[in-house]
Amino acid sequence: MCYDIKASYEAQLSRAKRRGDLAAVEEIIEKLIPFTDLPLHHASGFTHPELLIYTNHSPEFPTVATWGLVPNWVKDDDQLKKIWNNTLNARAETIFKKPSFKESAINNRCIIYIDGFYEHHHFNKKTYPFFIQRQDTKPIALAGLWTEWVNMETNGKMITFSIVTTKGNAMMAKIHNNPKINEPRMPLILSDEREDEWLNPIKNDSDKQHIKSLIQNYPATRLKAHTVNKLRGKDYLGNVEEISEEIIYENLVF
């Protein structure tokens, strides 16, 4: 699962900077960033924050999107509220089958750039949050699905997205040990070499199979993790920079 993330300005701009497109960087800063909730030192998907995504329709320039995919068959705000919290993540194994995701899996895929994500570890009936990031601390490219939802009552439009998840790697198998789930999960992280392939169009079954071939858990050796302050409850610091800093729990055996 992936319900908690960190997303800085730098991560959002990384794709344009990597291409050396300074004009795009300036345009993103001036025209898009003000309409997001960035920087997100810690954000829960259940608050439905707005950040930037790169879609298969616009792979070189991002758009502002709300976390929590709204399928186009949702009719109104009441129906949206009933489904929204259930579409923060999309299981990779079923994205081409589930009604909420199958149309987006074929036609609307996207990449979300983040600094890292948070996950909870269970030990002695308590939970301990971890922050997971790349070993080189570079931005993480997450595979996502998106929609442009039109409210049939108001004709208002909203871009929404879901983060695709897959089976956890060896590191996540140790961290993500929630007794209520059948197996450890993690977001689908795209490698630098293959991230753009996630945005390739699907025109036939061969293209579809190629997209499926990208669904792999990211190597544990390329990630690192440390414990951080509580992300819930009275000890929660809020969306502040130090939320991702390491905190040592003496009573945690890991």
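Heads up: these notes are all about the structure in this document. What you are looking at is a predicted structure, and each value in this text was computed from that prediction instead of being measured.

### Considerations on the packing of helix 1 (residues 9–18) against helix 2 (residues 22–32)
Taken N-terminus to C-terminus, the directions of helix 1 and helix 2 make an angle of 155 degrees; their axes are 8 Å apart at the nearest point. In terms of orientation, helix 1 and helix 2 fall into the roughly antiparallel class. In this structure, the crossing between helix 1 and helix 2 has a hand that is right-handed. Facing helix 1, whose interface residues are Leu-13, Ala-16 and Lys-17, helix 2 presents Ala-24, Val-25, Ile-28 and Ile-29.

### A few points about the pattern of salt bridges
Scanning all chains against the criterion turns up 13 salt bridges. Close ionic contact of Glu-195 with Arg-15 constitutes a salt bridge, the shortest N to O distance being 3.3 Å. Taken together, the positions of Glu-195 in the loop between strand 12 (189–190) and helix 6 (205–213) and Arg-15 in helix 1 put the pair 180 residues apart, joining distant regions of the chain. Take Glu-195 and Arg-15: they sit in the same class, and that class is buried. Here the salt bridges do not stand alone but share partners, grouping Arg-15, Arg-18, Glu-195 and Asp-196 into one network.

### As for the nonpolar core
Formed by 64 residues in total, the largest nonpolar core has its most connected members in Ile-5, Ile-112, Phe-117, Leu-145, Phe-161 and Trp-198. For this core, the leading source of residues is strand 9 (residues 140–150), giving six residues. Discounting chain neighbours no more than four positions away, the residues touching Ile-5 are Leu-40, His-41, His-42, Ala-43, Leu-51, Trp-67, Ile-114, Gly-116, Phe-117 and Tyr-118. If you look at the next biggest cluster of nonpolar residues, it comprises six residues, including Val-74, Ile-83, Trp-84 and Trp-149.

### A few points about the side chain of Thr-160
Turning to its location among the elements, Thr-160 is positioned in strand 10 (residues 157–167). The class for Thr-160 is buried, based on a relative accessible area of 0%. Of note is the side chain of Thr-160, whose polar atom sits 2.8 Å from the backbone nitrogen of Val-70. Here the side chain of Thr-160 touches Thr-147 through a polar contact of 2.7 Å, side chain to side chain.

### Concerning helix 2
Among the residues of helix 2, those classed as buried are Ala-24, Val-25, Ile-28 and Leu-32. Seen from one end, helix 2 has its buried residues packed into an arc of 105 degrees, which puts them on one side. For helix 2, the exposed residues set more than 90 degrees away from the buried face come down to Leu-22, Ala-23, Glu-30 and Lys-31. Contacts made by the buried residues of helix 2 are with helix 1, strand 3 (50–55) and strand 4 (63–67).

Cut-offs and rules
Residues numbered from 1 in each chain as written. Predicted model: local features only at pLDDT ≥ 70, side-chain atom pairs only at ≥ 80, totals over all residues. Heavy atoms only, no water. Axes fitted to C-alpha atoms, helices over the stretch in contact; angles between N-to-C directions. Helix = DSSP H or I, 4+ residues; strand = E, 2+ residues; numbered from the N terminus. Parallel < 35°, antiparallel > 145°, perpendicular 65-115°, else oblique. Left-handed = near helix turned anticlockwise from the far one by under 90°. Contact = heavy atoms within 4.5 Å. Salt bridge = Lys/Arg side-chain N within 4 Å of Asp/Glu carboxyl O. Buried < 20%, exposed > 50% of the residue type's maximum accessible area, 1.4 Å probe, protein only. Core = buried A, V, L, I, M, F, W, Y, C linked by side-chain atoms within 4.5 Å. Polar contact = N/O pair within 3.5 Å; in protein donor to acceptor, adjacent residues only side chain to side chain. Arc of directions from axis to C-beta.

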